[in-house]
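The chain contents come next:
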Amino acid sequence: MKIQKPLILGNWKMHFDKNEVRAFFKNFLDENITKLSKERSLGFAVPFPYLDLSSEILKDSGVLLGAQNVHWEQYGAFTGEISATMLKNVNTNFVLTGHSERRTLFGDTNESVSKRTKAAVSKGLIAIVCVGETKEEYQSGKREEVLREQIPASLAHLKDNDFENIVIAYEPVWAIGTGLSASPEEAESAHKLIREILKTILDGNKNTNLQASEIPLIYGGSVKEETAKALIEQPNIDGFLVGGASLKADSFKVICSA
Ligand code: PGA
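What comes next concerns the included structure. This structure is a prediction, so every number in the text was calculated from the model and none was measured.

A few points about the packing of helix H8 (residues 143-154) against helix H9 (residues 184-203)
Inference 1: The N-to-C vectors of H8 and H9 enclose an angle of 40°; their axes lie 10 Å apart at closest approach. Between H8 and H9, the angle is such that the two are oblique. Regarding H8 and H9, the two cross each other, and that crossing is right-handed. Between H8, through Arg 143, Glu 144, Leu 147, Arg 148, Ile 151 and Pro 152, and H9, the contact on the second element is made entirely by Glu 186, Ser 189, Ala 190, Leu 193, Ile 194, Glu 196, Ile 197, Leu 198 and Ile 201.
Inference 2: In terms of residue class, the contact of H8 with H9 is built from 9 nonpolar, 1 polar and 5 charged.

Laid out in structure tokens, this is it:
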């Protein structure tokens, strides 16, 4: 599967019951979305129990199906974990790795994020690798330092063509769920820096012709109907990862068409 830019993904986190999933898609899927999904990539990272149902509903819609986490092994004694093979088995297209909630609440490290990402891309999933600085790091001017460390370390297990199947989501932790979005200028400057970091990584990888400009960079953190347009107009912002506003079909439709 080839990702198109712009790429606009919802992250439902731990929300909805089965009926709400059905009702959401009934409201969301319409002619305009079918048309839009031919020109851009639209998708949802849903909770694991709704993957199968969502896959049925989204079949033929052009809208992508995603999960929110993946383990690095394919089978085994890993209670509570889900493998890339299992995700593929229920028609999942992409998976989030290293979301800040996984890093801060569930102990994910750059090393485990890198292993999860490698497992995902090896099985043909697109990995949406999430990075971003915390509020303290932001306030003490450490954003650049954090990104320069976090990105190579979160991609350390990738080789050769693996980079063709990743997307980087820049999600400043201070902007997630807080209503405090990064300004378009601020987000653009972080994305520019990320592009530069990716260039250095790819320059060191002789077995791929991929250019840093080809890796989609999406922004996440309180993206709303009102803020989407100015953000997407920035040259290095290729789309969004949307939490709260992806739970309301009408709001998310506006963001998808920004
Ligand atoms: P938010 O979440 O849009 O609610 O800030 C974004 C995310 O966590 O991916």
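Following the structure, the description resumes.
Some details on helix H11 (residues 249-256)
Inference 1: Burial analysis of H11 places 6 of its 8 residues in the buried class, the great majority of the element.
Inference 2: Here H11 has its buried residues at Ala 249, Ser 251, Phe 252, Lys 253, Ile 255 and Cys 256.
Inference 3: Buried-residue contacts for H11 involve strand S1 (7-11), helix H1 (18-28), helix H2 (31-39), strand S2 (41-45), helix H10 (225-232) and strand S8 (239-242).

Some words on H9
Inference 1: Its 20 residues place the ends of H9 28 Å apart at the C-alpha level, agreeing with the 28 Å of an ideal helix rising 1.5 Å per residue.
Inference 2: Looking at the buried side of H9, the elements it contacts are strand S5 (126-131), H8, strand S6 (166-170), strand S7 (217-220) and H10.

Quick word on the pattern of salt bridges
Inference 1: For the structure shown, the criterion picks out 12 salt bridges.
Inference 2: Here Asp 238 makes a salt bridge to Arg 195, at a shortest N to O gap of 3.1 Å. One end of the pair, Asp 238, is in the loop between H10 and S8; the other, Arg 195, is in helix H9, and 43 residues separate them in sequence. Here Asp 238 matches Arg 195 in class, with each residue buried.

Remarks on the site of the ligand
Inference 1: Taken together, 13 residues surround the ligand, and among them Lys 13, His 99, Glu 171, Gly 177 and Ser 222 come closest.
Inference 2: Contact distances for the ligand include 3.5 Å between an oxygen atom and a side-chain N or O atom of Asn 11.
Inference 3: In isolation the ligand offers 280 Å² of accessible surface; the protein chains occlude 95% of this area.
Inference 4: Grouping the constituent residues of the shell around the ligand by class yields 4 nonpolar, 7 polar and 2 charged.

Criteria and cut-off values
- Residues numbered from 1 in each chain as written.
- Predicted model: local features only at pLDDT ≥ 70, side-chain atom pairs only at ≥ 80, totals over all residues.
- Heavy atoms only, no water.
- Axes fitted to C-alpha atoms, helices over the stretch in contact; angles between N-to-C directions.
- Helix = DSSP H or I, 4+ residues; strand = E, 2+ residues; numbered from the N terminus.
- Parallel < 35°, antiparallel > 145°, perpendicular 65-115°, else oblique.
- Left-handed = near helix turned anticlockwise from the far one by under 90°.
- Contact = heavy atoms within 4.5 Å.
- Nonpolar A, V, L, I, M, F, W, Y, C, P; charged D, E, K, R; others polar.
- Buried < 20%, exposed > 50% of the residue type's maximum accessible area, 1.4 Å probe, protein only.
- Expected span 1.5 Å × (residues − 1).
- Salt bridge = Lys/Arg side-chain N within 4 Å of Asp/Glu carboxyl O.
- Near = heavy atom within 4 Å.
- Polar contact = N/O pair within 3.5 Å; in protein donor to acceptor, adjacent residues only side chain to side chain.
- Areas by Shrake-Rupley, 256 points an atom, 1.4 Å probe, with all protein chains shown as cover.

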